Amino acid sequence: MARGSARRRTAVALLVTTAFVAPAGVLATAAPAQAAPYCNVTTGSHQRQVERFLKLTVDGRQSLKDCRAIQAFQTRHGIAPDAGWAGPVTWGVMHLMNQQKAAGKNPDRSGRCPTNKGRIACVDLTRQLSWIQDGRKLVHGPVPVRTGRNGHETRTGAKKVYWRNKNHWSTLYDVAMPYAQFFDGGIAFHSIKGSVWSPPGSHGCVNLRRSDAATYWSLLRNGDDVHVWGRKPGT
């Protein structure tokens, strides 16, 4: 009787062991690989321009490689849907980047920002660029910005920084506004998370990358001038 009980205990132990220890090959394939996000392999309306910008083969025909590269760009800059289609919104962001790059270190070639006011923050809505100059001397920038979307356009004209709050929280939109420097009612320079190229734009504020917002904070003071001109694309 004792020998029978011992055999039964051994059999149970083996069943328990084999139930919880799977072969190595089963463990390696137990979790299915996550499928890649959907990619639209249809040729886009701005295929050649987008291919050229991303340094892909410029043939005007969408391939899976093209689609993945376009999709990565869209995801990085908050362009929705990020399905890899070379459409007007994606090309619009790229075209803006090209204009910003062309500004180089002489963003005020047109002389739109006043040079007779000393330290001044300049905001070019058309190119979505900002910089700080002192007279004719470029102090910082130009840097890319994101301004007001259609219906919430950043107002143009001569302004002044009137209130600064390094750790500001917007009660209106329930969002953080680090390095906020207000210069026109509720409109301020401040940093954002994510890409400053993500459409459609802000609710009027001039959004900056965190490092640029921190530099603006260190360079500007209450009473400093701000000059805004131009028109944001799409507004």
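In what follows, the accompanying structure is described.

Now for the pattern of salt bridges. Counting across every chain of the model gives seven salt bridges. In this structure, Lys160 and Asp225 form a salt bridge, with 2.9 Å as the shortest nitrogen-oxygen distance. Within this pair, whereas Lys160 is found in strand β4 (residues 157–160), its partner Asp225 is found in strand β9 (residues 225–229), the two being separated by 65 residues in sequence. Accessibility expressed as a relative area gives 44% for Lys160, which makes it partly exposed. The salt bridge involving Asp212 is made with Arg209; its shortest N-O contact spans 3.0 Å. Exposure remark for Arg209: the relative accessible area of 34% places this residue in the partly exposed category. Taken together, the shared-partner salt bridges in this structure form one network comprising Arg155, Lys159 and Asp184.

The next subject is the packing of aromatic side chains. Counted under the stated rule, the structure contains six aromatic pairs. Ring geometry for Phe183 versus Phe189: centroids 4.9 Å apart, planes at 40°, classification tilted. As far as burial versus exposure is concerned, Phe183 and Phe189 are alike and both buried. We classify Phe189 as buried; its relative accessible area is 0%. Three or more aromatic residues joined by ring pairs make a cluster, and in this case those are Phe183, Phe189 and Tyr216.

Among the nonpolar cores identified, the biggest contains 19 residues, and Val123, Phe183, Phe189, Leu208, Tyr216, Leu220 and Val226 are the most heavily contacted of them. Within the residue set of this core, elements represented by two or more residues are β1 (119–124), β6 (175–184), β7 (187–191), β8 (206–208), α6 (210–219) and β9. Per-element accounting of this core gives the leading share, three residues, to α6. Not counting chain neighbours up to four residues away, the residues in contact with Leu220 comprise Arg119, Ala121, Ile132, Val161, Arg164, Gln181 and Phe189.

With respect to the helices, strands and loops of the structure, Trp85 is situated in the loop between α4 (64–76) and α5 (88–103). Since its relative accessible area comes to 33%, Trp85 is described here as partly exposed. A sequence separation of 14 residues divides Trp85 from Gln71, and the C-alpha atoms of the two residues are 7.5 Å apart. Setting aside its immediate chain neighbours within four residues, Trp85 contacts Asn40, Thr42, Thr43, Gly44, Ser45, Gln62, Ile70, Gln74 and Thr90.

Basis of the calculations
Going along each chain's sequence as written, the residues are numbered from 1 onward. In keeping with the model being predicted, local features are shown solely for residues with a pLDDT of at least 70 and side-chain atom pairs are shown and tallied solely at 80 or more, while totals for entire chains, interfaces and linings include all residues. Think of the side-chain values as coming from all heavy atoms in the structure, minus any hydrogens and water. Here a salt bridge means any side-chain nitrogen of Lys or Arg lying within 4 Å of a carboxyl oxygen belonging to Asp or Glu. Secondary structure elements are defined from DSSP: runs of H or I of at least 4 residues count as helices, runs of E of at least 2 residues count as strands, and each element is numbered from the N terminus. Partly exposed describes any residue whose relative accessible area lies between the buried limit of under 20% and the exposed limit of over 50%, with all areas from a 1.4 Å probe on protein chains only and scaled to the type maximum. Stacked, edge-to-face and tilted labels apply to pairs of Phe, Tyr and Trp rings (six-membered ring for Trp) whose centres lie within 6.5 Å, assigned for plane angles under 30 degrees, over 60, and everything in between, in that order. Put simply, a nonpolar core is a bunch of buried Ala, Val, Leu, Ile, Met, Phe, Trp, Tyr and Cys residues held in one set by side-chain atoms that sit within 4.5 Å of each other. We call two residues in contact when some of their heavy atoms are within 4.5 Å.

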